[in-house]
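# What the coordinates show
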Amino acid sequence: MLKVYNCIATAHDLRLVGLAAVICAIASLAAINLLRHARLSTGHMRVVWLAVSAISTGFGIWSTHFIAMLAFSPGIPNGYNISLTALSLIAAIVLTGAGLAMSMQPKWRLGPWLGGAVVGGGIATMHYLGMAAFEIEGTILWDPTLVAASILLGTVIGAAALPAGLHGQSERWKATGALLLTLAICSHHFTAMGAASIVPDPAIKVSQQALPAAWLAFSVAVASFTIIILALAGLALDIRDQRRSVLEAERMLGLANAAVEGLLVCDGDVAVTVNTSFAQLVGSTSDKLIGTSLQSYIPDAGARAKLFATPNQPVEADLRHADGSMIPVELILRPIDFAGHAHHVIAVRNLQARKRAEQHIRYLAHHDALTSLPNRNTFHARLDHEIAAAMAGGQKCAVLCFDLDRFKEVNDLFGHAAGDKVLQTVASRVTAILDKTCMVARLGGDEFAILVPGLSSPAMAGRLADRILEALRTGGDNSDSDNMTSCSIGIAICPDDADNREALLMHADTALYRAKMEGRATYRFFEARMGAEVHDRRVLEHDLRQAVSRGEFNLVYQPQEDIQRRTVVGFEALLRWNHKTRGSISPAVFIPIAEETGAILGIGEWVLREACKQAATWPQPLTIAVNVSAVQIYNENFVQLVHEVLLETGLAPSRLELEITETALVRDLNRALTTLRRIKALGVHIAMDDFGTGYSSLSNLRAFPFDKIKIDGSFIKSVNTNEQAATIVRAVLGLGRGLGLPVLAEGVETPAELAFLQSELCNEVQGYLVGRPAAIGTFATLTHPGSEPATGDEIRVLLAQSA
């Protein structure tokens, strides 16, 4: 060891030794990096980079030796044999390449260790060949022990260098491998130099062809350094290109994976690569699908043949999922160039959603979306078929049309969601009682129809109607909306009533109208005489909807008098309809129809606006009373409408009095109470109309914010002679005084009735005795005090219209 140290310290120029160490370290680092890069390369590029690595490493070892030899000063003439010097370079490159190749063998754990040992052997071979090329005027004597030690050091450290340099991916392992390789080269060289002893011999001359050491060392250093730098530069460029290629491949793979459709690239019938969407579609992973054949997930040979025969054309097929299920897909094949070779890319579109949508569309074309019952078109087609079968076979069939009674009130009171639930409940109950030969369909809204083929007798249709009425009457759902549900049914029979679809449905609808007119919650068979009556009713409904726009409505006013002071305190506005062809139509006829059809909302708004507009023109601050329907009370916009009318007309809220019957309140007490309280908050007065009839309840007088009670005229008639009527009127008057509510008696027609009411301290009266309903101009002297006196004709008209 001391001999080696003395060799380095005394026989070498330490500056050149440092240069040799630097070149050795650079060459070692380049060797490890090039070897790693070669191991990651494929195909012929693997061989190319292995050769570059071998040449670079060999030159590094060779240049380290000769620069170190330049640092060696034997003190006598010397030079280098050109042939042996070249042979040492070739040996360094070949043996280093062999060792590096061994270290790159896949799945060979000993490869890096043995390869590193071969590289160490290459270092020794190169060194001793280089020393053989060293010509000197003397003889070189070798220490066998140090020679063996040098070879052992190079081999052992070299064997450890490559496994360390190729281990892991961190820079620390690269640096460790490069350091060990540098140590292997340097430790071998200087140990071997310590083994050499030079004995001068003047008889031995240096050949004239030998190269001077300084020239050779300088040229070798420059060439080796240049080769190493160029190798590293080439490595850097190749790594950059590979990274760019990897990034581009990752970008393309990312784009492919971002696609919703499945994509796979095939070489013939074998999958080369697939995207994530396709892997998910077949229930596998991308790695497992690479190398599989199309047949494994597209089993239909005909579909595969058509796919390859018609590129760029969609082909529908079934895709086999990993669980064995089949998925409908659309395939489109297109030829592409992939990795320099011809391949096919196949786009796979999942058709499950489209197939479900198409199936749903077909279903909706024949069924009602809300109740899942057959729709009108499906019912018509089936009815046509059954009519033809009945006519051909001498049989009968029946059509039962039914709709829900007061269904609009369900929507108004409980909302459309509750109405939808009622329709679904009706559909399920009716379906449950029908056999498989019958069909029930929803024609629209709350209209349903039932087809009964093979009818043995009309009584059979009647029994079915009874069962339907009972099913809707005794349903298990005890909700308020359900309890309001009943239906009316109309029945027509083929061929007794009609032999075609249009006429049969029209006759069943006519019978349905008759059932509604005769009390609802019942059924009626079609009779020929019904047609004209129902037609007349429908025409009246139509005309009623047009009456406001045609200007056929007008208001008349009936005065209301303070019975004690005998002064008029207000008027009640009463609606009249003067039909363009039918003449005057009684409110008792058209008001129920308006409430049934919902036309009362528009009519009621017109009445409220006209009455308030008229009252606002009166100098005298008289009240104006307007009747309000239950339909209006439960309309969510009614309070806002009252507010808007008051603002538009300028009428003081205290002059408006809304008359409401108790019947209008009982359908939904809480909702009605909320509405009346909001109206009351506007300053509008509220009167209970027709008290004593219908659902009169003392609790309602206490719960609702009434300002007045109106006794129905049926109790006032002959009150002075009928003791029972007198008792009831006295009770109501006493009740009003006890609650602090004024009482108005309607229908006062005789002085005796008026005298009785005066004696019982009634507050106000209304009736023919006070004044008949008339145009407001008739009462100009009451609404406009100080106006011109009435003429004789006007007085006679006033007397004729007033009591």
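Residues numbered from 1 in each chain as written. Predicted model: local features only at pLDDT ≥ 70, side-chain atom pairs only at ≥ 80, totals over all residues. Heavy atoms only, no water.

### A few points about the overall build of the protein
Using the following cut-off: The way it works is that DSSP assigns letters per residue, a run of H or I at least four long becomes a helix, a run of E at least two long becomes a strand, and they are numbered from the N terminus. In this scheme, a residue with accessible area under 20% of its type's maximum is buried, one over 50% is exposed, and one in between is partly exposed, where area comes from a 1.4 Å probe on protein chains only. Whether two residues touch is decided by their heavy atoms; if any such pair falls within 4.5 Å, the residues are in contact. In these tables, accessible area is a Shrake-Rupley quantity obtained with a 1.4 Å probe, and a residue counts as shielded only by the protein chains included in the view.
Within the protein, the regular secondary structure consists of 30 helices and 23 strands. Burial statistics for the protein: of 803 residues in total, 46% are counted as buried. Across the protein, every contact between residues at least 6 apart in sequence was considered, and the portion connecting residues at least 24 apart equals 68%. Carbon and sulfur atoms provide 59% of the accessible area of the protein, an area that totals close to 38200 Å².

### What to know about the nonpolar core
The criterion, for reference: The nonpolar core is taken to be a set of buried Ala, Val, Leu, Ile, Met, Phe, Trp, Tyr and Cys residues, with the residues joined through side-chain atoms within 4.5 Å.
Ranked by internal contacts, the top residues of the largest apolar core, which has 80 residues, are F553, L608, I624, L656, L658, V729 and L757. With eight residues, helix α21 (residues 600–615) is the largest single contributor of residues to this core. Setting aside its immediate chain neighbours within four residues, L656 contacts L608, C612, I624, V626, V642, L646, L651, V684 and H685. One finds A20, I23, I67 and A178 within the second-largest nonpolar core, a separate group that totals 32 residues.

### Some details on the sheet that holds strand β5 (residues 262–267)
Where strands meet in a sheet, backbone hydrogen bonds hold them as pairs that are either parallel or antiparallel. Applicable threshold: Pairs of strands are assigned from DSSP output, requiring at least two bridges between the strands. For helices, the fitted line uses only the C-alpha atoms of the stretch in contact; every axis is such a line through C-alpha atoms, and the angle between N-to-C directions lies from 0 to 180 degrees.
With antiparallel pairing, the five strands of this open sheet are ordered in space as β6-β5-β9-β8-β7. Taken across any chain shown, the strands that pair with only one partner, and hence form the sheet edges, are β6 (270–274) and β7 (315–320). On average, each strand axis in the sheet is inclined to that of its neighbour by 40 degrees, with strand direction left out of account. Its contacts with the sheet place helix α12 (residues 352–366) against β7, β8 (326–338) and β9 (341–350), and it is angled at close to 140 degrees to β8.

### Side note on the sheet that holds strand β12 (residues 447–452)
Read across the sheet, five strands follow the order β11-β12-β10-β13-β14 without closing on themselves; strand pairing throughout is mixed. Both edges of this open sheet fall to β11 (439–444) and β14 (523–525), since each of them pairs with a single strand only. Direction aside, neighbouring strands of the sheet carry axes that sit 20 degrees apart on average. Pairing of strand β10 (residues 397–404) with β12, which is carried by six bridges, proceeds in the antiparallel orientation. Counted as the bridge partner of L400 is I450 from β12. Of the strands in this sheet, β10, β12, β13 (487–494) and β14 are in contact with helix α16 (residues 458–473), which crosses β13 at around 160 degrees. In the packing of helix α18 (residues 501–517) onto the sheet, contacts are made with β10, β13 and β14, and the angle to β13 comes to roughly 145 degrees.

### Here's the deal with the packing of helix α15 (residues 416–433) against α16
Definition in use: In these notes the angle categories are as follows: under 35 degrees is roughly parallel, over 145 is roughly antiparallel, 65 to 115 is roughly perpendicular, and the rest is oblique. Crossings are assigned a handedness: left-handed for a near helix turned anticlockwise from the far helix by less than a right angle, right-handed for a clockwise turn.
At their nearest, the axes of α15 and α16 sit 10 Å apart, and the two run at 135 degrees to each other. Classified by the angle between their axes, α15 and α16 sit oblique to one another. Crossing angle aside, the handedness with which α15 passes α16 is right-handed. Residues V426, R429, V430 and I433 of α15 lie in contact with α16, whose contacting residues are R467, I468, A471 and L472.

### Focus on the pattern of salt bridges
This is how it is decided: We count a salt bridge whenever a side-chain nitrogen from Lys or Arg sits within 4 Å of a carboxyl oxygen from Asp or Glu.
Taken as a whole and assessed by the stated rule, the structure comprises 30 salt bridges. Where R524 meets E518, a salt bridge forms, and the shortest distance between an N and an O atom there is 2.6 Å. Residue class for E518 comes out partly exposed when judged on its relative accessible area of 39%. A salt bridge links E657 to K708; the shortest N-O distance between them is 3.1 Å. Remark: K708 occurs in strand β21 (residues 708–711) and E657 occurs in strand β19 (residues 656–661); sequence separation between them is 51 residues. For the pair shown, E657 and K708 are each scored as buried. Linked through salt bridges whose partners overlap, the residues forming this network are E316, R354, K355 and E358.

### Structural notes on the environment of F526
Tracing the backbone shows F526 in the loop between β14 and α19 (530–550). On the basis of relative accessibility, which here comes to 14%, the residue F526 falls in the buried class.

### Comments concerning a nonpolar patch on the surface
Operational definition: Patch criteria: residues need more than 30% relative accessible area and no salt bridge. Like-charged residues are merged within 9 Å; nonpolar side chains of Val, Leu, Ile, Met, Phe, Trp and Tyr are merged within 5 Å.
A surface patch of nonpolar side chains, amounting to about 420 Å² of accessible area, comprises W108, L110, W113 and L114. Relative to the helices and strands, W108 is located in the loop between α4 (82–103) and α5 (111–132).

### Comments concerning the packing of aromatic side chains
We count it as follows: Two rings from Phe, Tyr or Trp (for Trp, the six-membered ring) form a pair when their centres sit within 6.5 Å of each other. Planes less than 30 degrees apart are called stacked, planes more than 60 degrees apart edge-to-face, and all others tilted. Look at NZ for Lys and CZ for Arg. If either is within 6 Å of the ring centre and within 35 degrees of the ring normal, a charge sits over the ring.
Applying the stated criterion across every chain yields a total of 11 aromatic pairs. Geometrically, the ring pair formed by F553 and W577 is tilted, given 5.9 Å between the ring centres and 50 degrees between the ring planes. One end of the pair, F553, is in strand β15 (residues 553–562); the other, W577, is in strand β16 (residues 567–579), and 24 residues separate them in sequence. Plain terms: the ring middles of F571 and F779 are 5.2 Å apart, the flat faces sit at 50 degrees to each other, and that makes the pair tilted. With F571 in strand β16 and F779 in the loop between β23 (764–765) and α29 (780–783), this residue pair connects regions lying 208 residues apart in the sequence. You can call F571 buried: its relative accessible area is 0%. Judged by relative accessible area, F779 falls into the buried class, the value being 4%. One aromatic cluster in this structure is built from F553, W577, F590 and W606. Across the ring face of Y768, the terminal group of R772 is positioned such that the distance to the ring centre comes to 4.1 Å.

### Section: the environment of S277
Locating S277 in the fold gives a position in helix α9 (residues 276–282). Residue classification places S277 among the buried positions, given a relative accessible area of 14%. Between the C-alpha atom of S277 and that of L263, which follows or precedes it by 14 residues, the distance is 7.3 Å.

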